[in-house]
Amino acid sequence: MAHISYRQALHDTLRSELQRDENVLLMGEEIGRFEGSYKITAGMLDEFGPKRVRDTPIAEEGFTGAAVGAAMLGLRPVVEIMTINFSLLALDQIMNHAAKIYGMFGGQCSVPMVIRTPGGGGQQLAATHSQNVELFYAFTPGLKVVAPSSPADAKALLLASIRDDDPVLFLENLALYNTKGEVPDTDEPGEIGRAAVTRTGSDITLVGYSRMAHVALQVAERLAADEGIEAEVVDLRSLRPLDRQTVVDSVKKTNCAVVLEDDWLTYGIGAELAASISDGAFDWLDAPVRRVAMAEVPLPYAKPLESAALPSADDVVTVIHQTLDAVGRRSDRVGAR
Amino acid sequence: MSVDTAAQPVAETSHEPELVQLLTPEGQRVPHEHYDSLVADVTADDIRAMYRELVLARRVDSEAVSLQRQGELGLWPSLLGQEAAQIGSARALRPQDHVFPTYREHGVALHRDVDPVRLLALFRGVDQGSWDPAQSHFHLYTIVIGAQTLHATGYAMGVQRDGAIGTGDPGRDTAVMAYFGDGATSQGSVSEAFIWAGVTNAPVVFFCQNNQWAISEPLERQTRVPLYKRAAGFGFPGVRVDGNDVLACLAVSREALQRARDGEGPTLVEAFTYRMGAHTTSDDPTRYRLNAELEHWRLKDPVERVKAYMVRNDLADQAFFDELSDESDQLAERMRAECRSLPEPAPTSIFDHVYVEPTPGLVEQRDGMAAYLDSFADEEVHQ
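Residues numbered from 1 in each chain as written. Chains lettered and ligands numbered in written order. Predicted model: local features only at pLDDT ≥ 70, side-chain atom pairs only at ≥ 80, totals over all residues. Heavy atoms only, no water.

## A short note on the interface of chain A and chain B
Part 1: Opposite the 44 residues of chain A that make contact, chain B presents 37 residues.
Part 2: Together chain A and chain B conceal approximately 3,200 Å² of surface at their shared face, both sides included; 67% is due to carbon and sulfur atoms.
Part 3: When the buried surface of chain A facing chain B is broken down by residue, Leu73, Phe105 and Gln108 of chain A rank first, second and third, together holding 18% of it.
Part 4: The interface formed by chain A and chain B holds 11 residue pairs in polar contact (both at pLDDT 80 or more) in total.
Part 5: Of all elements in the fold, only β2 (24-28), α3 (60-72), α4 (91-98) and α5 (101-104) of chain A reach the threshold of two or more residues within the side of chain A that touches chain B. (Contact = heavy atoms within 4.5 Å. Buried area = accessible area lost by both parts, 1.4 Å probe. Polar contact = N/O pair within 3.5 Å; in protein donor to acceptor, adjacent residues only side chain to side chain. Helix = DSSP H or I, 4+ residues; strand = E, 2+ residues; numbered from the N terminus.)

## Brief notes about helix α9 (residues 246-261) of chain B
Residues and elements named next belong to chain B.
Part 1: With 16 residues, α9 should reach 22 Å at 1.5 Å per residue; the first-to-last C-alpha distance of 22 Å fits that figure.
Part 2: Of all 16 residues in α9, 13 are buried, a share of seventy percent or more.
Part 3: One side-chain oxygen of the residue at the start of α9 lies 3.0 Å from the amide nitrogen of leucine 247, identifying that residue as aspartate 245. (Expected span 1.5 Å × (residues − 1). Buried < 20%, exposed > 50% of the residue type's maximum accessible area, 1.4 Å probe, protein only.)

## Thoughts on the pattern of salt bridges
Part 1: By the definition in use, this model includes 41 salt bridges over all chains.
Part 2: Among the ionic pairs, arginine 15 of chain A bridges to glutamate 47 of chain A, the shortest N-O distance being 2.6 Å. With arginine 15 of chain A in helix α1 (residues 6-20) and glutamate 47 of chain A in helix α2 (residues 44-48), this residue pair connects regions lying 32 residues apart in the sequence.
Part 3: When its relative accessible area of 33% is taken as the criterion, arginine 15 of chain A is described as partly exposed.
Part 4: Glutamate 47 of chain A sits in the partly exposed class, given a relative accessible area of 37%.
Part 5: Linking aspartate 127 of chain B and arginine 118 of chain B is a salt bridge whose minimum nitrogen-to-oxygen distance equals 3.4 Å.
Part 6: Via salt bridges that share partners, Glu17, Arg20 and Arg163 of chain A belong to a single interconnected network. (Salt bridge = Lys/Arg side-chain N within 4 Å of Asp/Glu carboxyl O.)

## Details of the UniProt feature "domain: Transketolase-like pyrimidine-binding" (unreviewed entry) in chain A
Part 1: The feature "domain: Transketolase-like pyrimidine-binding" (unreviewed entry), as annotated in UniProt, sits at residues 4-179 of chain A in this numbering.
Part 2: The span residues 4-179 of chain A shows a helical share of 36% and a strand share of 17%, and its end C-alpha atoms are spaced 8 Å apart. (UniProt positions renumbered as here; feature names shortened; annotations may be inferred.)

## Overview of the packing of helix α1 (residues 44-69) of chain B against helix α2 (residues 83-90) of chain B
Each pair of packed helices gets described by two things: the angle between the helix axes and the distance between those axes.
All names here are of chain B.
Part 1: At a closest axis distance of 10 Å, the pairing of α1 and α2 adopts a crossing angle of 130°. On the basis of the axis angle, α1 is oblique to α2. Where α1 crosses over α2, the two elements pack in a sense that is right-handed. The segment α1 lies against α2, with Met50, Glu53, Leu54, Ala57 and Arg58 engaging Glu83, Ala84 and Ile87.
Part 2: For the contact of α1 with α2, the class distribution of residues is five nonpolar, no polar and three charged. (Axes fitted to C-alpha atoms, helices over the stretch in contact; angles between N-to-C directions. Parallel < 35°, antiparallel > 145°, perpendicular 65-115°, else oblique. Left-handed = near helix turned anticlockwise from the far one by under 90°. Nonpolar A, V, L, I, M, F, W, Y, C, P; charged D, E, K, R; others polar.)

## Topic: the environment of methionine 294 of chain A
Residue and element names in this part refer to chain A.
Part 1: Relative to the helices and strands, methionine 294 resides in strand β14 (residues 290-294).
Part 2: Once the C-alpha coordinates of methionine 294 and leucine 260 are considered, the two residues, 34 residues apart in sequence, prove to be 9.5 Å apart.
Part 3: Look past the residues within four positions of methionine 294 in its chain and what remains in contact with it is Glu261, Asp262, Asp263, Trp264, Leu265, Leu299, Ala309, Leu310 and Pro311.

## Points about the side chain of glutamate 80 of chain A
Residue and element names in this part refer to chain A.
Part 1: By secondary structure assignment, the location of glutamate 80 is in strand β4 (residues 76-80).
Part 2: Within the structure, the side chain of glutamate 80 is placed 2.8 Å from the side chain of arginine 116, a separation counted as a polar contact.
Part 3: Those residues in contact with glutamate 80 that lie beyond four places of it in its chain are Met27, Gly28, Glu29, Ile31, Gly36, Ser37, Ile40, Thr41, Phe63 and Arg116.

## Focus: the domain arrangement of chain B
One frequent convention defines the size of an interface as the accessible area lost when the parts assemble.
Part 1: Under the domain assignment, chain B is made up of domain 1 (35-340) and domain 2 (348-382).
Part 2: A separation of 39 Å is found between the C-alpha centroids of domain 1 of chain B and domain 2 of chain B. (Domains from an automatic or database assignment.)

## A look at the sheet that holds strand β3 (residues 204-210) of chain B
Residues and elements named next belong to chain B.
Part 1: With parallel pairing, five strands are arranged side by side in an open sheet as β1-β2-β3-β7-β6. Of all strands in the sheet, those with a lone pairing partner are β1 (98-100) and β6 (238-242), marking the two edges. Across this sheet, the average inter-strand angle for adjacent strands is 20°, counted without regard to direction.
Part 2: Bridge count for β3 against strand β7 (residues 267-272) is six bridges, and the pairing is parallel. Its bridge partner being in β7, glutamine 209 is matched across the sheet by alanine 271. (Pairing = 2+ DSSP bridges.)

## Overview of the domain arrangement of chain A
All names here are of chain A.
Part 1: Under the domain assignment, chain A is made up of domain 1 (2-183) and domain 2 (196-336).
Part 2: Distance between the C-alpha centres of domain 1 and domain 2: 28 Å.
Part 3: Contact residues are listed per partner, giving 32 residues for domain 1 and 25 residues for domain 2.
Part 4: Interface area, domain 1 with domain 2, both sides summed: about 2,200 Å², of which 54% is carbon and sulfur.
Part 5: For the pair domain 1 and domain 2, the interface holds one salt bridge.
Part 6: For arginine 237, the salt bridge identified is with aspartate 153, shortest N-O distance 3.2 Å.
Part 7: At the boundary of domain 1 and domain 2, one finds 16 residue pairs in polar contact (both at pLDDT 80 or more).

## Some words on the pairing of strand β10 (residues 204-208) of chain A
Residue and element names in this part refer to chain A.
Part 1: Within β10, five of the five residues are buried, which leaves it mostly tucked inside the rest of the structure.
Part 2: Across five bridges, the pairing between β10 and strand β11 (residues 231-235) is parallel. Within β11, the residue paired with threonine 205 across the bridge is glutamate 232.
Part 3: Note that β10 and strand β13 (residues 257-264) share three bridges and pair parallel. By the bridge assignment for β13, leucine 206 is matched with valine 258.

## So, unusual backbone geometry
What is expected of a backbone is that most residues other than glycine have negative phi and most peptide bonds are trans.
Part 1: With an omega dihedral of -5°, the bond running from arginine 240 of chain A to proline 241 of chain A counts as a cis peptide bond.
Part 2: Here proline 241 of chain A lies in the loop between β12 (238-240) and α9 (244-254).
Part 3: Phi angles above zero are rare outside glycine, and histidine 137 of chain B is one such case at about 55°.
Part 4: As for its placement among the helices and strands, histidine 137 of chain B is situated in the loop between α5 (133-136) and α6 (147-161).
Part 5: Overall, the relative accessible area of 19% leaves histidine 137 of chain B in the buried class.
Part 6: Backbone geometry at asparagine 201 of chain B places phi at a positive 55°, although glycine is not the residue there.
Part 7: Relative to the helices and strands, asparagine 201 of chain B is located in the loop between α7 (188-200) and β3.

Set out below in structure tokens:
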């Protein structure tokens, strides 16, 4: 076990995969000499050379498309798109080509590529650089989407993504890069499409992924300490395939749920989860599934306004209180203390 | 002195740009200072083989158009008029060179030994493409305009990674050929492919069949300069060739592919040709172009000029033409018969190629559909 940051886990895993498989190569803007906007690829150009660590022109559609072509018949490119916002420029290559070539070409060739890209607001990067548009990719059959929240999952899922024969969008988060945790030394790939219960509890289920899975854990610890509320936390880890069963099983135990998302509410991933819970655990629900999401506005640049728009831990606590009040569970507990 | 060049007209637009031509529309061989040497090895046998492929490509196309008209295919994009551009360039390929086609490269497919029935299956909608690109080195048809130029560039990056350029070994050095049309040159993806290939010196030939029309949009809606001149802005050579001259297309493609194999980087070839038919069978070109233009190009027919050359030089006798005519008929007959007997895919096959390993959710959906379909089994028996 090593106690390292999310950033370090990504760096170390990329490096070991480059060492393990000569068909793995990195491509992206500023990843070589500049070592990546978030320094995930630090030192790699020197170690592996320009054929395997490729600085690309500022042309997202171009290098993503080139990676699709390289992946179709042998290589395993790991593309870094500087932020998920820039992936919009490559949307055609991701949704129309990477996701569909295996099917549209009758299974003749798959596209084993990874697109690593961070999402996340809260860094004062303004509306066009702070979005979470992973929904587009999570919506698309043919793609896999993973969104680890801990350094250990970052390692395990990056290993799995690089070794997977299908295209994987690997979602990172600006707010998570410096978070630390225990990471196993073994090279055991994680299972794409498997959620994790990261905290057990019996009062309410909290569901999140990426940064919001992290927030859910923090909130759960705070509620336990302050109010004796035991929340169960489900970290989705993968958005496609989506592990509905783990979520439903948890709700069958707690009978109520709050879904956390770092994204706009309407048509969002939270809506999919609320529908899945309703579908799988309707008879177990004691209250409507509630969602906590960001304000439906382009994210402001000004810090106080940005903070006002993003979902906070306090917002989550408020909605948990409302949900528990609706089922009469919090008053019982507060009275019991 | 003031410098005010912004409003000056582009000088070249007042002249016709140079066009590489070795065979005139009348079938006369014209000398070319540079390109003669690139076809010096072409024998009478080669000319006959070329002519055979031109004829068969045209026959594959006309048969497919007929099958579409008879309701046997959903759609067909005709190559009529572009046979020489396709056969000439395809014959310049070596077995290991990899081709990224559009959806119109039926002539290239034919040359790469992809059975025309496999193309029919695709447009009949009974499969999603059933030839192996790794084996034929002919990729599957890309529908999104221009996107395959990026895939070709990425594949070329892999060729560079493998060190399969500039070794001097003719069985190893590899080029990548990306086909696209004049309309595609307006796509950002094509410009990005040019940029990438240019700055990485990728071993890729961008083979543009300028057939003058992007559905109903004429060339002047896509560009103010001759297309081949765009290459200069990206830092690699561009050449315009008579796209209806199979020999010139062979010569120009040979040179460009060899540059790529030698590690000298990309080339843009603009094959100046004409789409004699509709964009696809869903299109009616009489709504937007004049018959006079069609007649003008009919005189430059890519197949007839080779026949004229052969007759003029006594390269084939009547028996050759008769045999070819029979072969062509037999091919058409086989296409008709095999197209009509292509098996329909099972409904549950829609789940087959979403992921390499099916996900649990998809397996559940597939099994659900299979169970639902099985529930009708009794009814079918009673019908």
